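Per-entry structural report
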Amino acid sequence: MDLKIRTCEVFFKVLYWPYVKNRLQVTESDELRGTLMTSSKKERFLIAGVGALVGIVSVLLVFFGNPANMGFCIACFLRDTAGALGLHQTAAVQYLRPEIIGLILGSFFMALGRKEFAARGGSSPMTRFVLGFFVAIGCLMFLGCPLRMVLRLAGGDGNALWGLAGFVMGILCGIFFLNHGYSLKRTYKQSFPEGTVLPIIEVLLLVLLVTAPALLHFTEAGAGPGGNHAPLLISLCAGLILGALAQRTRLCMVAGIRDFVLFREWTMLLGFAAILVSAFVCNLLASFWNPGFTGQPLSHTDGLWNALGMLLAGFGCVLLGGCPLRQLILSGEGNTDSAVTVLGLLAGGAFAHNFGLASSAGGPTTAGKAAVVIGLAVVCLIACVNTFVPKKQG
Amino acid sequence: MNYIVTFFSHFGAIRFKKEWEKAGHPAILMPVPRNLSSSCGTCVRCSVPPLNTPSDEMEQIVKITAEGYQTLYRADNS
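This is a predicted model, so every value here is computed, not measured. (Residues numbered from 1 in each chain as written. Chains lettered and ligands numbered in written order. Predicted model: local features only at pLDDT ≥ 70, side-chain atom pairs only at ≥ 80, totals over all residues.)

1. Concerning the overall build of chain A
Rules: Each helix is a run of DSSP H or I of at least 4 residues and each strand a run of E of at least 2, with the numbering of both proceeding from the N terminus. Residues are called buried when their C-beta atom has 20 or more other C-beta atoms within 10 Å, exposed when it has 12 or fewer, and partly exposed otherwise; all C-beta atoms are positioned from the backbone. Contacts are defined on C-beta atoms placed from the backbone: any two residues whose C-beta positions lie within 7 Å are in contact.
A count of helices and strands for chain A gives 17 helices and two strands. By residue count, 56% of the 394 residues in chain A fall in the buried class. Taking all contacts inside chain A whose residues are at least 6 apart in sequence as the whole, residues at least 24 apart take part in 84%.

2. Re the environment of Ile374(A)
As for its position among the elements, Ile374(A) is in helix H16 (residues 366-385). As for Ile374(A) and Gly49(A), which are separated by 325 residues in sequence, their C-alpha atoms are 39 Å apart.

3. Focus on the packing of helix H7 (residues 146-154) of chain A against helix H12 (residues 267-285) of chain A
Residues and elements named next belong to chain A. Quick reminder of the rule: Orientation is described by lines fitted to C-alpha atoms, with helices fitted over the stretch in contact, and by angles between N-to-C directions that extend from 0 to 180 degrees. Angles are sorted into four bins: roughly parallel if under 35 degrees, roughly antiparallel if over 145, roughly perpendicular if 65 to 115, and oblique for all others. In this scheme the handedness of a crossing depends on how the near helix is turned from the far one: anticlockwise by less than a right angle means left-handed, clockwise means right-handed. Residues were grouped as follows: Ala, Val, Leu, Ile, Met, Phe, Trp, Tyr, Cys and Pro as nonpolar; Asp, Glu, Lys and Arg as charged; and all remaining residues, including Gly, as polar.
As a packed pair, H7 and H12 sit with axes 8 Å apart at the nearest point and diverge in direction by 40°. In this view, H7 runs oblique relative to H12, as classed from their interaxial angle. Crossing angle aside, the handedness with which H7 passes H12 is right-handed. Of the residues in H12, those in contact with Val150, Leu151, Leu153 and Ala154 of H7 are Phe272, Ile275, Leu276, Ala279, Phe280 and Asn283. Its residues placed into classes, the contact of H7 with H12 shows nine nonpolar, one polar and no charged.

4. Brief notes about the pairing of strand E1 (residues 3-7) of chain B
Each regular strand displays side chains that alternate between the two surfaces of the sheet. Residue and element names in this part refer to chain B. Spelled out, the test is: Strands were regarded as paired on the criterion that DSSP finds at least two bridges between them.
Burial runs high along E1: five of the five residues are buried. Here E1 shows a buried face lined by Tyr3, Val5 and Phe7 and a second buried face lined by Ile4 and Thr6. Note that E1 and strand E3 (residues 42-46) share four bridges and pair antiparallel. Bridge pairing in E3 places threonine 6 opposite cysteine 43. In this structure, E1 lies alongside strand E4 (residues 58-65), joined through five bridges in antiparallel fashion. In the strand pairing of E4, tyrosine 3 is matched with lysine 63.

5. Quick word on the nonpolar core
Our working definition: In this description, a nonpolar core means buried residues of the types Ala, Val, Leu, Ile, Met, Phe, Trp, Tyr and Cys, linked to one another by C-beta atoms lying within 7 Å.
Counting 142 residues, the largest nonpolar core has Ile74(A), Ala75(A), Ile137(A), Leu140(A), Leu312(A) and Val5(B) as the members making the most contacts within it. Looking at which element gives the most residues to this core, the answer is helix H13 (residues 303-320) of chain A, with twelve residues. Ile137(A) has contacts with Leu312(A), Gly348(A), Ala352(A), Leu357(A), Ala371(A), Val372(A) and Gly375(A), leaving out every residue within four places of it along the chain.

6. Quick look at the environment of Leu285(A)
Relative to the elements of secondary structure, Leu285(A) occurs in helix H12. When the C-alpha atoms of Leu285(A) and Thr341(A) are compared, they prove to be 37 Å apart, with 56 residues separating the residues in sequence.

7. Things to note about the packing of helix H6 (residues 125-142) of chain A against H16(A)
Residue and element names in this part refer to chain A. Packing of H6 against H16 leaves a shortest axis separation of 9 Å and a crossing angle of 145°. The two elements H6 and H16 cross, and the hand of that crossing is left-handed. Between H6 and H16, the contacting residues are Thr127, Val130, Leu131, Phe134, Ile137, Gly138 and Met141 on the first element and Gly368, Ala371, Val372, Gly375, Val378, Val379 and Ile382 on the second. Each residue belonging to the contact of H6 with H16 can be placed in one class, and the counts come to ten nonpolar, four polar and no charged.

8. What about the confidence of the model for chain A?
In plain terms, the rule: Scored between 0 and 100, pLDDT is the confidence that the predictor attaches to each residue.
Averaged over every residue, the pLDDT of chain A is 91; residues scoring 70 or more account for 89%. Counting interchain partners and residues more than four positions distant, the pLDDT-below-50 stretch residues 17-37 of chain A has 20 contacts.

9. Comments concerning the environment of Pro291(A)
Residues and elements named next belong to chain A. As for its placement among the helices and strands, proline 291 is situated in the loop between H12 and H13. In this structure, the C-alpha to C-alpha distance between proline 291 and leucine 312, residues 21 residues apart in sequence, is 26 Å. Those residues in contact with proline 291 that sit more than four places away from it in its chain are Gly156 and Gly158.

10. A few points about the sheet that holds E4(B)
All names here are of chain B. With antiparallel pairing, the five strands of this open sheet are ordered in space as E2-E3-E1-E4-E5. One side of each edge strand has no neighbouring strand; the edge strands of this open sheet are strand E2 (27-31) and strand E5 (68-74). When the angles between neighbouring strand axes are averaged without regard to direction, this sheet yields 30°. Relative to E3, helix H1 (residues 10-22) is tilted by about 20°, and along the sheet it contacts E1, E2 and E3.

11. Examining the pairing of E3(B)
All names here are of chain B. In terms of burial, E3 is a largely internal element, five of the five residues being buried. With burial as the criterion, each face of E3 is covered, one bearing Thr42, Val44 and Cys46 and the other bearing Cys43 and Arg45. Where E2 meets E3, five bridges bridge the pair, whose relative direction is antiparallel. Of the residues in E3, the one forming a bridge with alanine 27 is cysteine 46.

12. Structural notes on unusual backbone geometry
Not every positive phi belongs to a glycine, and Lys115(A) is a case in point at roughly 55°. Mapped onto the elements, Lys115(A) comes out in the loop between helix H5 (98-113) and strand E1 (120-121). Residue class for Lys115(A) comes out exposed when judged on the 7 C-beta atoms lying within 10 Å of it. At Asn77(B), a residue that is not glycine, the phi angle is positive and equals roughly 60°. Taking the C-beta count within 10 Å as the criterion, Asn77(B) has 11 such neighbours and is therefore assigned exposed.

13. Considering H13(A)
Residue and element names in this part refer to chain A. Rules: Take the number of residues in a helix, subtract one, and multiply by 1.5 Å to get its expected span.
An ideal rise of 1.5 Å per residue puts 26 Å on 18 residues; H13 measures up with 26 Å between its terminal C-alpha atoms. The buried fraction of H13 is high, at 16 of 18 residues. Backbone geometry just downstream of H13 places glycine 321 in the positive-phi region, at approximately 95°.

14. Some details on the confidence of the model for chain B
Of the residues in chain B, 99% have a pLDDT of 70 or more, and the chain-wide mean is 89. The ipTM value of the predicted complex is 0.89, and its pTM value is 0.90.

In structure tokens:
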């Protein structure tokens with residue numbers, strides 16, 4: 001037993017030596033002590049409040065018709081949107097989710113209002129597309145993005161614990177490369193219209209959804225998750241409000257764990273915890289709380305592949321600089337690299353259903369397992385190339 | 001510790017911190033403050049600004065004042 005513990009200690013020290021060394025240096029300096037706490041009480045209160053609101057709104061969306069434990073799921077909603085646009089033909093998951101439109105436009109208007117809208121991009125867009133693609137594959141292996149993972153935990157879905165374990169491991173893998181030099185290179189200022197392209201597309205999709213829904217593909221009521229949805233106006237308003245607040249607070253499911261590991265900065269983690277607690281309380285009040293591993297809505301019980309799916313997602317998200325929710329928010333405030341990532345997530349969702357890669361309640365598919373293994377290899381390769389190769393060329 | 005330097009990458013921040021400490025200037029890594037930028041990332045807080053030696057990896061250097069942040073340097077086209 002002692003040997004096992006010692007082996008684990010050595011493993012983590014080797015993996016995180018740059019970080020550990022950094023921490024030791026920081027603690028040596030009395031002058032620096034105390035300045036690590038960078039967030040004001042107001043900021044912490046704000047992010048905890050927004051996290052709590054996300055939890056409440058998510059359960060309300062389920063109450064109004066969204067699939068169980070899926071008030072928000074960025075990967076699933078982008079997959080549904082891909083289906084609505086005919087990018088995949090799985091009839092059970094086709095709906096142009098107004099939440100996605102709302103999140104991007106909410107961030108867009110908040111950024112404009114606060115004069116923070118800044119069109120920028122050019123930081124390895126194609127690499128980001130590929131990373132986004134495989135993050136979607138990982139999420140659809142687990143059946144949920146990091147946000148839905150928290151909502152599943154709050155609903156009592158024990159399988160999400162495997163997902164959380166994999167997610168944390170994925171983030172640690174990403175941090176290893178960050179500390180050893182990983183970079184997708186700098187961003188550059190772009191023209192204002194360039195940054196508005198994705199928000200304009202979202203406006204056009206909203207117009208299409210309202211005025212010509214016959215042009216889109218929709219899952220029939222009761223025929224699958226795509227058929228379960230809250231009324232359009234409620235979904236849109238929920239997205240708009242949370243998009244604006246997420247832009248204001250930089251809420252991100254990855255940043256909470258990443259910043260805690262890197263800096264012992266737990267502000268963002270507070271948002272993560274607030275979502276979990278508020279959604280848990282709301283699920284209890286609404287009688288949605290259903291603890292256990294079997295019979296959970298839109299999930300499977302294969303622990304290994306739940307973990308590996310979220311490992312891929314967490315790893316990819318750290319390399320991208322944020323979770324799928326954060327990518328939507330950044331794309332709303334003019335970041336075209338994040339807009340390309342959103343397109344990668346959309347493409348990944350479409351591929352997952354065109355080629356039978358997505359899991360179902362019955363469990364993961366063989367093709368899906370192969371895709372996750374390939375995804376892990378590709379993400380590792382991207383991490384190595386962007387960490388070590390430039391230095392050698394140097 | 002009156003200056004904040006932001007970077008285009010996390011590693012740029014780590015590298016600068018090491019070099020700056022080697023040069024005898026205290027520095028710490030921290031997340032970019034929200035009221036400085038809506039982007040998330042890593043920055044370095046230091047008491048002596050690297051105004052004479054801004055590298056390609058630096059996005060901006062700001063001074064922390066009672067009124068807020070005073071920009072001292074900003075990379076071209078950023």
